[in-house]
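# Secondary and tertiary structure notes
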Amino acid sequence: MGESSETIEIGTVRRGDQAGPTVELPVADALSGRSLVAGDAGSGTSNSAGVVCEKLLDRGHGMLIVDVDGEYHGLKETYEVLHVGADAACDRRVHAAHAETIAELAVERRVPVILDVSGFLAENEACDLLAGVTKHLYAKAKTRRHPLLVVVEAVHEYLPEEAGLDECGRMLSRIGDSGRKHGLGILGVTDRPAAVRSDFRKGCDWQAWHRLTGDADVATVERVLGSDQADHVGEMADGECFLRTDPGAPVRVVQFERKRTFDAADPPAPGDVEPPAYTGVSGDFLAELDAVTGGGSRQASRLEELERDIERTDDRLRAVERRLAGTWEAERMADRETWAMRDSATDESGTSLNAAAAWGGDLLDGFDAAESPPDGADGSTGAGDPAASADPVVDEPDARPATDPVAPEPDAGASLDPSEGRAETERSGLAVPGGAAGDADADVVEELRDAIDSLSVVEREMLRHYRAEGPTTPMAAHAAIGGSGERTEAYAVNRALRRLGVVEHAARGRHQYALSSLVAERVGELLATAGPTDDYLARMVQRVEASFVHDVLPPAQEPDVDAAETLALDDEVGAWPDA
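Residues numbered from 1 in each chain as written. Predicted model: local features only at pLDDT ≥ 70, side-chain atom pairs only at ≥ 80, totals over all residues. Heavy atoms only, no water.

### Re the overall build of the protein chain
- When helices and strands are tallied, the protein chain shows 18 helices and 14 strands.
- Here the contacts in the protein chain between residues at least 6 apart in sequence split such that 67% fall between residues at least 24 apart.
- Carbon together with sulfur atoms contributes 48% to the accessible area of the protein chain, which is approximately 28,700 Å² in total. (Helix = DSSP H or I, 4+ residues; strand = E, 2+ residues; numbered from the N terminus. Contact = heavy atoms within 4.5 Å. Areas by Shrake-Rupley, 256 points an atom, 1.4 Å probe, with all protein chains shown as cover.)

### Concerning the pairing of strand β1 (residues 7-13)
- Summarising the sheet, β1 and strand β2 (residues 22-26) pair through five bridges and their orientation is antiparallel. Its bridge partner lying in β2, Glu9 is registered against Glu24.
- Sheet topology places β1 next to strand β12 (residues 252-256); three bridges connect them, and they run antiparallel. What sits directly across from Val13, in β12, is Val254. (Pairing = 2+ DSSP bridges.)

### With respect to a negative patch on the surface
- Taken together, the side chains of Asp69, Glu123, Glu157, Asp166 and Asp191 make up a negatively charged region of the molecular surface.
- Turning to its location among the elements, Asp191 is positioned in the loop between β9 (184-190) and α7 (198-202). (Patch = residues over 30% accessible without salt bridge, like charges linked within 9 Å, V, L, I, M, F, W, Y side chains within 5 Å. Salt bridge = Lys/Arg side-chain N within 4 Å of Asp/Glu carboxyl O. Lys, Arg positive; Asp, Glu negative; His and termini not counted. Charge placed at Lys NZ, Arg CZ, Asp CG, Glu CD.)

### Some details on the sheet that holds β12
- If you trace the twelve strands from one edge of the open sheet to the other, you get β2-β1-β12-β11-β10-β3-β9-β8-β4-β7-β5-β6, paired in mixed fashion. Two strands bound the open sheet, and with one partner strand each, they are β2 and β6 (92-93).
- One ladder, built from five bridges, connects strand β3 (residues 34-38) with β9; its direction is parallel. When the sheet's bridge partners are listed, Ser35 is paired in β9 with Leu187.
- Contacts from helix α3 (residues 99-107) reach β4 (62-67), β5 (82-85), β7 (113-116) and β8 (148-153), with the element oriented near 150° to β7. (Axes fitted to C-alpha atoms, helices over the stretch in contact; angles between N-to-C directions.)

### Remarks on the pattern of salt bridges
- In the structure shown here, the tally under the stated rule is 20 salt bridges.
- For the salt bridge of Asp91 with Lys76, the shortest nitrogen-to-oxygen distance reads 3.0 Å. In this pair, Asp91 sits in the loop between β5 and β6 while Lys76 sits in the loop between β4 and β5, placing the two residues 15 residues apart along the sequence.
- For Lys76, a relative accessible area of 4% puts it in the buried group.
- Of the charged contacts, one joins Asp199 and Arg197 as a salt bridge, the two residues approaching to 3.6 Å between their closest N and O atoms. (Buried < 20%, exposed > 50% of the residue type's maximum accessible area, 1.4 Å probe, protein only.)

### Describing the nonpolar core
- Among the nonpolar cores identified, the biggest contains 57 residues, and Leu64, Leu82, Ile102, Leu115, Leu137 and Tyr158 are the most heavily contacted of them.
- Looking at this core element by element, the count peaks at nine residues for helix α4 (residues 123-144).
- Every residue in contact with Tyr158, bar those within four places of it in the chain, is listed here: Val66, Val68, Val117, Leu130, Val152, Glu153, Leu165, Cys168, Gly169 and Leu172.
- Counting 32 residues, the second largest nonpolar core, distinct from the first, contains Ile8, Val51, Cys53 and Leu187. (Core = buried A, V, L, I, M, F, W, Y, C linked by side-chain atoms within 4.5 Å.)

### Observations concerning the packing of aromatic side chains
- Summed over all chains, the structure comprises zero aromatic pairs.
- Over the ring of Tyr72 we find Lys259; its NZ or CZ atom is 5.9 Å from the centre of that ring. (Phe/Tyr/Trp six-rings, centres within 6.5 Å; stacked < 30°, edge-to-face > 60°. Lys NZ or Arg CZ within 6 Å of the ring centre and 35° of its normal.)

### Some words on the confidence of the model for the protein chain
- Looking at the protein chain, the pLDDT average stands at 76 and 69% of residues meet or exceed 70.
- Long-range and interchain partners of residues 351-436, a stretch whose pLDDT sits below 50, account for 133 contacts in this model, where long-range means more than four residues apart.
- Note that residues 558-579 has pLDDT below 50 and, in this model, 28 contacts with residues that lie over four places away or in other chains. (pLDDT = per-residue confidence, 0-100.)

### Considering the pairing of β5
- Here β5 shows two buried faces, one formed by Leu82 and Val84 and the other by His83 and Gly85.
- Pairing geometry for β5 and β7, over four bridges, is parallel. Of the residues in β7, the one forming a bridge with Val84 is Leu115.
- In the sheet, β5 pairs with β6 via two bridges, with the strands oriented parallel. Its bridge partner being in β6, Gly85 is matched across the sheet by Arg93.

### Some details on unusual backbone geometry
- Residues other than glycine seldom take positive phi values, yet Arg110 does so here, at roughly 55°.
- Along the chain, Arg110 turns up in the loop between α3 and β7.
- Looking at Arg110, the relative accessible area reads 39%, which means it is partly exposed.
- A positive phi angle, near 50°, is found at Ala154, a position not held by glycine.
- If you trace the backbone, Ala154 turns up in the loop between β8 and α5 (155-158).
- We classify Ala154 as buried; its relative accessible area is 10%.

### Some remarks on the side chain of His98
- On the secondary structure map, His98 appears in the loop between β6 and α3.
- Exposure remark for His98: the relative accessible area of 0% places this residue in the buried category.
- In terms of polar contacts, His98 uses its side chain to reach the backbone carbonyl oxygen of Leu289, at 3.4 Å. (Polar contact = N/O pair within 3.5 Å; in protein donor to acceptor, adjacent residues only side chain to side chain.)

### What about helix α17 (residues 534-545)?
- Across its twelve residues, α17 extends 16 Å between first and last C-alpha, which sits within 8% of the 16 Å expected from 1.5 Å per residue.
- What α17 keeps buried is the set Tyr536, Leu537, Met540, Val541, Arg543, Val544 and Glu545. (Expected span 1.5 Å × (residues − 1).)

### Re helix α2 (residues 45-58)
- The terminal C-alpha atoms of α2, which comprises 14 residues, lie 20 Å apart, in line with the 20 Å expected from a rise of 1.5 Å per residue.
- Most of α2 is tucked away, with 13 of its 14 residues classed as buried.

### Considerations on the environment of Ala477
- Mapped onto the elements of the fold, Ala477 is located in helix α14 (residues 474-480).
- Residue Ala477 is classed as buried on the basis of its relative accessible area, which comes to 0%.
- Beyond its immediate sequence surroundings of up to four residues, Ala477 is in contact with Met462, His465, Tyr466 and Thr472.

Laid out in structure tokens, this is it:
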């Protein structure tokens, strides 16, 4: 041990030839060194640490005790010690904001402090407070250089052998490694010495090993002290310990004194009295803590005010969303009226001019899912007979000549209810020219473009989101485009996309982009032979997407094929099989 003229008495030698003499520790090593007191619960570890604290307090030295079990407040029976923590029994309740003030009182004002972390319900709160206190202790000790002992109960929780160190552990390890040169010492107390970092155990100035019975702990005694001590460490009486000072000094069996102050670690027994009256703490110290608490209260009030501002902002955003929802609904109503007017207009043959009629009329979001398609929209007359072919002449500048819409005979059991998805008559309701298959494909692209263009702004934005993000729920998609995300509104928009066939159900409430499969299905229905290649379908999808996705351009070169070229592959693939 280091040379010192000042010592403290801690007990007497209990056994052997040296039995009887008083055992002393140099104050320099007890106050500024690294030390360890280990032993099973009830073997006397807390008493031994308490004796060292009392002896140092008798000489006016400072300390900070990290009390994890609320056992050290008995020191207040005799000494003016500041007891802080989270309990009402503490002199003051503290939190992380008090860390610097606590360190300042301990180092600069030399006030003994019990930092009682047993009352914190959240472990992170205790760790934040202790980490802050130890940081400020280390920083202030470098300039003040007043010796101070940090006593850490359950040191294995902060300096574990197997796990990594958190912020608390790193600061305590730093104090143990280099605190001596700044006057900081550390005394670790544990009932699990095998769980304490080995580098901490090996570097101790003095060690007290009380009764230990666990296999791992006994094995640790053997590594540190030797096999003889390991054989007998389980036989130690209460308060007895193997004491080693210098690494080369002999190991002695020492009986620690009994501490003089109230022992809160003793289990209560029938007839026990209440703890004695404790020594008060200077009002100036408490006032300094109160000043921090007041600042914390003001900060909390400011946070509450900011939270209220956020709530008010959220209310305003919800109001804006409601107004936007009204705007979208008005836009859909206008779309509905426009299409209704076009639907009521017919050409000379009586065929509706509404492009949506070819889709069964369910492009309009206003149609109820249980409502039947309007007369003629499914390709049949009001009496249920197949529609007669006609040559509609569309009186529009950009309209292309088209041949008759062809509607196949529906199956006897087929349902035309739009809520059950488009029936076969719906799927084949496109006007298919009698000319080249390539022209028919072009009509599919054009009508898909027109159908998507007829969607409202919100519906098109939601379709783009499905394309960009993949499978998601309607509520998430609606919220992502700036909507409310409410179920009713989201599903109303989603329903229009599903009826059109550009969105389909994926799984577990999620929906996905389905334009590619829709194009493949429609083209496959138009042709009586095997479908075109994937590359050809991809170009068709790209032509459709170029009309509503900003970063998609039409294919660089449109295929120029006639019916024969479309129905026969090139030399690399071979001819399509006959129908």
